[in-house]
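Chain by chain, the residues:
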Amino acid sequence: MTENPSSEPQLSIRLDAGWFAGILRADQIRRNTLMSLVATWGDPDARDDILAQLDALAEAVQSPREGELDALVEAVEGAAGMDDAEATLFLAQLLRLRAELDDVIAKVGRFNPAAVARPIVLPRQQDRRAS
């Protein structure tokens, strides 16, 4: 694992150890997932369904077939009544993440600077009228 230089590591983007990829960390999504699971867990019928789906997923993990794990994960999510894995980001977080992402992109794209360069995009006349 590489060091996470972010001021807020629980929501951050960092380089992998080889500087070939970025790693997104979004702990809020995991927290929301677990909270959704335990909220549904209180209903005994739902708990039985969740356990059955988790057992099926655990069995499939031992020898997965193409596409099987995705379907079983969706079955667990459905049994637990989970929402989409999303996190709401506000402007300060977005700006910080953009800065982190720009740094990661520059390092990952070090061998292909043309692909990393941001073209300057000027608004078209019709775009200015729309705002």
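Conventions used here
- Position labels on residues start from 1 in each chain and follow its written sequence.
- Only residues with pLDDT of at least 70 get local features here, since the model is predicted, and only at 80 or more are side-chain atom pairs given and counted; chain-wide, interface and lining totals rely on the full set of residues.
- As a rule here, side-chain values cover all heavy atoms of the structure and leave hydrogens and water aside.
- Secondary structure elements follow DSSP: runs of H or I no shorter than four residues count as helices, runs of E no shorter than two count as strands, and numbering proceeds from the N terminus.
- Computation of the radius of gyration draws on C-alpha atoms, with the globule rule given as 2.2 Å multiplied by the number of residues to the power 0.38.
- Burial classes: relative accessible area under 20% of the type maximum marks a residue as buried, over 50% as exposed, and values in between as partly exposed (1.4 Å probe, protein chains only).
- Should any heavy atoms of two residues lie within 4.5 Å, those residues are considered in contact.
- Lining residues are defined by having an atom within 4 Å of a point belonging to a cavity or pocket. Those points lie on a 1 Å grid over the protein atoms alone, cavities being sets where a 1.4 Å probe fits but cannot get out and pockets being open sets with protein on both sides within 12 Å along at least five of seven lines.
- Grid points are joined across faces, edges and corners, and a volume is the space filled by probe spheres set on the points.
- Classes in brief: Ala, Val, Leu, Ile, Met, Phe, Trp, Tyr, Cys and Pro nonpolar; Asp, Glu, Lys and Arg charged; the others, Gly included, polar.
- Strands pair, by our definition, only if DSSP identifies at least two bridges between them.
- Only residues above 30% relative accessible area that lack a salt bridge enter a patch, with like-charged residues linked at up to 9 Å and the nonpolar side chains Val, Leu, Ile, Met, Phe, Trp and Tyr linked at up to 5 Å.
- Exposure was quantified through the Shrake-Rupley algorithm and a 1.4 Å probe, taking into account, for residues, occlusion by the shown protein chains and nothing else.
- When a carboxyl oxygen of Asp or Glu lies within 4 Å of a side-chain nitrogen of Lys or Arg, that pair is called a salt bridge.
- Pairing of aromatic rings covers Phe, Tyr and the six-membered ring of Trp, with a centre-to-centre limit of 6.5 Å; geometry is then stacked below 30 degrees between planes, edge-to-face above 60, and tilted otherwise.
- Counted as over-ring charges are cases with an Arg CZ or a Lys NZ within 6 Å of the ring centre that also lie within 35 degrees of the ring normal.
- Buried Ala, Val, Leu, Ile, Met, Phe, Trp, Tyr and Cys residues that are joined via side-chain atoms within 4.5 Å together make up what is termed a nonpolar core.
- Geometry is summarised by axes, namely lines fitted to C-alpha atoms with helices restricted to the contacting stretch, and by angles between N-to-C directions that run from 0 to 180 degrees.
- Working definition: roughly parallel below 35 degrees, roughly antiparallel above 145 degrees, roughly perpendicular at 65 to 115 degrees, and oblique for all remaining angles.

Visitor: Can you walk me through the overall build of the protein chain in this structure?
Guide: A tally of regular secondary structure across the protein chain gives 6 helices and 2 strands. In the protein chain, the succession of α and β elements from N to C terminus is β-β-α-α-α-α-α-α. Rg of the C-alpha trace for the protein chain: 21 Å, well past the compact-globule value of 14 Å for 131 residues, more than 25% over. Per-residue burial over the protein chain gives 19% buried out of 131 residues. Within the protein chain, contacts between residues at least 6 apart in sequence are counted, and of these 49% link residues at least 24 apart.

Visitor: Explain the layout of surface pockets to me, please; I cannot follow it from the model alone.
Guide: Where empty space is left becomes clear once a probe the size of a water molecule has been rolled over the atoms. Counted as a void, the largest pocket has a volume near 200 Å³. Lining the largest pocket we find Ile-29, Asn-32, Thr-33, Ser-36, Glu-77, Met-82, Asp-83, Asp-84, Ala-85 and Glu-86. Split into classes, the residues belonging to the lining of the largest pocket amount to 3 nonpolar, 3 polar and 4 charged. One number sums up the size of the second largest pocket: a volume of about 150 Å³. In terms of lining, the second largest pocket is formed by Glu-3, Asn-4, Pro-5, Ser-6, Ile-13, Arg-14, Leu-15, Glu-100, Asp-103, Val-104 and Lys-107. Within the residue set of the lining of the second largest pocket, elements represented by two or more residues are β1 (11-15) and α4 (91-108). In terms of residues, the lining of the second largest pocket owes the most to one element, α4, which gives 4 residues. Grouping the amino acids of the lining of the second largest pocket by side-chain chemistry returns 4 nonpolar, 2 polar and 5 charged.

Visitor: Just to check I follow, could you spell out the pairing of β1 for this structure?
Guide: Summarising burial for β1: 5 of the 5 residues are buried, a large majority. By the bridge criterion, 5 bridges tie β1 to strand β2 (residues 22-26) in an arrangement that is antiparallel. Across the sheet, Arg-14 pairs through a bridge with Ile-23, a residue of β2. Counted along the chain from β1 to the antiparallel partner β2, the turn is 6 residues long, and its residue Trp-19 has a positive phi close to 60 degrees.

Visitor: Which parts of the structure should I look at to understand a nonpolar patch on the surface?
Guide: On the surface, Leu-89, Leu-91, Leu-94 and Leu-95 cluster together into a nonpolar patch covering about 350 Å² of accessible area. On the secondary structure map, Leu-91 appears in helix α4.

Visitor: How should the packing of aromatic side chains be read in this particular structure?
Guide: Two aromatic rings, taken as a pair, are described by how far apart their centres are and by the angle between their planes. A complete count under the given rule lists 0 aromatic pairs for this structure. The lysine or arginine in question, Arg-110, covers the ring of Phe-20, its NZ or CZ lying 5.1 Å from the ring centre.

Visitor: What is the right way to look at the nonpolar core in this model?
Guide: A general tendency of soluble globular proteins is for nonpolar side chains to be buried together. Residues Leu-11, Ile-13, Leu-15, Leu-97 and Val-104 constitute the largest nonpolar core, which totals 5 residues. For this core, the elements supplying multiple residues, two or more each, are β1 and α4. A per-element tally of this core places β1 first, with 3 residues.

Visitor: So what exactly am I meant to see when it comes to the packing of helix α1 (residues 27-41) against helix α2 (residues 44-62) here?
Guide: To characterise two packed helices, one gives the angle between the axes of the helices and the distance between these axes. One way to put it is that α1 packs onto α2 with a least axis distance of 7 Å and a crossing angle of 130 degrees. If you check the angle between α1 and α2, you find them oblique. Contacts between α1 and α2 involve Leu-37, Thr-40 and Trp-41 on the former and, on the latter, Ala-46, Arg-47, Ile-50 and Leu-51. A per-class count over the contact of α1 with α2 returns 5 nonpolar, 1 polar and 1 charged.

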